[in-house]
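Here are the chains, one letter per residue:
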Amino acid sequence: MDERWIEMLRSFILACYEGMFMYLVLAIVMCSVLVVAAARTLIRGRDLDPLQYHEMLDEELAPAVSLLVPVRNSEDTIVQRISCLLDIQYARYEVIIINDGSEDGTMRRLKETYDLMPIQSKVHYSRLGQETAQINGVYQSRLHHRLIVIDKAYGGRMDSLNVGLKISQYPYIASVGPHTVLERDALVKIMKPVMDALPGEEVVACSGRVDLMAPGNTNHADSTDNGARRTGSTLFVMQTIEYVRAFLISGVGLVRYNINVLLFTAEVFGVFKKNRVLEVGGYKRDDQVAHMELVMRLQKHMKQIRERGRIIYIPDPICRVEVPGTWRQLCRQRIGWHMQLASSLWTQRSMIFNPAYGWMGMVSIPYFILIELLGPVLELGAILLFIAGIGLQLVDINLCIILALLLTLYGSLLSASVVMFEIWCSRKAYTSREVTRLLVYACTETFWFRPLNNISRINGMLQAMGLRKAEEKDSRHGLG
């Protein structure tokens, strides 16, 4: 290669080193600050009486909620799922099952089990402002007055949520994910911030912490029961560590600084104020755009009409979600997540670094772009740059090794510390074997799980950019 080109390449790599070093310092500082902030918040709330919620159970003034549950080809599991939803402890709520063009016996099973009667002519439809797939029928159960069933043509999950939104009768709606099991007191917990709002405050969206459930353990709905987590799967343990860290850093940590944003937990179980969702036009029909995009639109809308709408994340467990049980399912889930993240951020790109949208525009969205979206690319890029630098004799090999070890040590210690904090702070009963296993796996995460995870996330970004062919969507990819 020409000497001039080699010199330009060296200059480029050195400039990249400086940028990468600044990024690493920024990421480490942000993560450390958020972890400390989250720990302080949880320590202050640790001694609160968990029974404080029970006073709301018989409270007739508690805001009523419509649970929106899209289903498709769920003949084998639909009855068990509805039984859990009808068992929720809350004063006023309705369960709206939206049958999204199932091709199996889902609708027949619903009619046989719940003695459905048609009520389509009595329904008061809300104005949504966008078309939905054809509604074939609306039914109410003669056995359970809370249960409404909508039979519609296939239109996708977001279209089903829009149909449920149009037919729901209560002021708050809650979307329930396809593999979510709600705690019996989930509505009590998630609606308490709404009840506690001060005069002049408005809670437009709320979500909370998600507990994991091993594949096949769908009967557990008690947050204090560890049975749903008892499995010998390494994959499950690694996902547990990952969720605990995300819960502390991106959940409680961001909310500690009033940086209102909901993560993918809203996809699993999130409550929204119905009139505000209708004002922003409901859910986007594109299934690649996540609930996160809806949250950003709500935040944007409240800023534009100059009203204060709070978006809240609560640290209490509200539901459990079944996680992928195989590497293939995990990869497809992470690809789907990253595609949704990229699509949501791109759709609302006008908010990026826009001071008109406050903390959301100046801090939350840039955080998600730099740390969550571009993090995997930058981590992989750093490895390639070090290799190129060694080849061109630009860097000291010993210095590279020491730096890599320090970063690995930081990642391992961060994971181990959040796991230890979770064990100390949680009301769940961990055995010594479970604690040891979590700590050992947390210390190894940086070496293998995170790099493998990053490959799937980069794949998802490339698919979102149209640089790779999108894979067929897997119906069992957990949260995504």
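Anything mentioned here points back to the structure above.
Residues numbered from 1 in each chain as written. Predicted model: local features only at pLDDT ≥ 70, side-chain atom pairs only at ≥ 80, totals over all residues. Heavy atoms only, no water.

1. A look at the overall build of the protein chain
Across its full length, the protein chain carries 14 helices and ten strands. Across the 480 residues of the protein chain, 54% fall into the buried class. Across the protein chain, contacts joining residues at least 24 apart in sequence account for 80% of those joining residues at least 6 apart. Put simply, the protein chain shows about 22400 Å² of open surface, and 58% of that area lies on carbon and sulfur atoms. (Helix = DSSP H or I, 4+ residues; strand = E, 2+ residues; numbered from the N terminus. Buried < 20%, exposed > 50% of the residue type's maximum accessible area, 1.4 Å probe, protein only. Contact = heavy atoms within 4.5 Å. Areas by Shrake-Rupley, 256 points an atom, 1.4 Å probe, with all protein chains shown as cover.)

2. Brief notes about the sheet that holds strand 8 (residues 202-213)
Strand pairing in a sheet takes place through backbone hydrogen bonds and is either antiparallel or parallel in direction. Pairing within the open sheet is mixed, and its ten strands lie in the order 3-4-5-2-1-6-9-8-10-7. The open sheet has two edge strands, strand 3 (116-118) and strand 7 (180-182), and neither has a second partner. Across the sheet, the mean angle from the axis of one strand to that of its neighbour is 30°, orientation sign disregarded. Summarising the sheet, strand 1 (residues 65-71) and strand 6 (residues 172-176) pair through four bridges and their orientation is parallel. Directly across from Val-65, in strand 6, lies its bridge partner Tyr-172. (Pairing = 2+ DSSP bridges. Axes fitted to C-alpha atoms, helices over the stretch in contact; angles between N-to-C directions.)

3. Some words on the side chain of Arg-297
Of note, Arg-297 is situated in helix 9 (residues 291-304). In terms of polar contacts, Arg-297 uses its side chain to reach the backbone carbonyl oxygen of Gly-282, at 2.9 Å. Not counting residues up to four positions away in its chain, the partners in contact with Arg-297 are Val-280, Gly-281, Gly-282, Tyr-283, Lys-284 and Gln-348. (Polar contact = N/O pair within 3.5 Å; in protein donor to acceptor, adjacent residues only side chain to side chain.)

4. Digging into the nonpolar core
Core analysis: the biggest nonpolar cluster contains 49 residues, and Leu-67, Ile-97 and Phe-269 have the highest contact counts within it. No other element matches the six residues that helix 5 (residues 186-195) contributes to this core. For Phe-269, the contacting residues outside a window of four places in its chain are Leu-67, Ala-174, Ser-175, Val-176, Leu-182, Ala-186, Leu-187, Ile-190, Ser-207, Ile-318 and Cys-319. Within the second largest apolar cluster, 46 residues are counted, among which are Ile-135, Val-295, Leu-345 and Ile-371. (Core = buried A, V, L, I, M, F, W, Y, C linked by side-chain atoms within 4.5 Å.)

5. Examining the packing of aromatic side chains
Enumeration over the complete set of coordinates arrives at five aromatic pairs. Where Trp-327 meets Trp-448, the ring centres are 6.1 Å apart and the plane angle is 65°; that geometry is what we call edge-to-face. Here Trp-448 lies in helix 14 (residues 432-464) and Trp-327 lies in helix 10 (residues 327-347), a separation of 121 residues in the sequence. Here Trp-327 falls in the partly exposed class, since its relative accessible area comes to 37%. A relative accessible area of 27% means that Trp-448 is categorised as partly exposed. Linked through ring pairs, Trp-327, Trp-448 and Phe-449 together constitute an aromatic cluster. (Phe/Tyr/Trp six-rings, centres within 6.5 Å; stacked < 30°, edge-to-face > 60°.)

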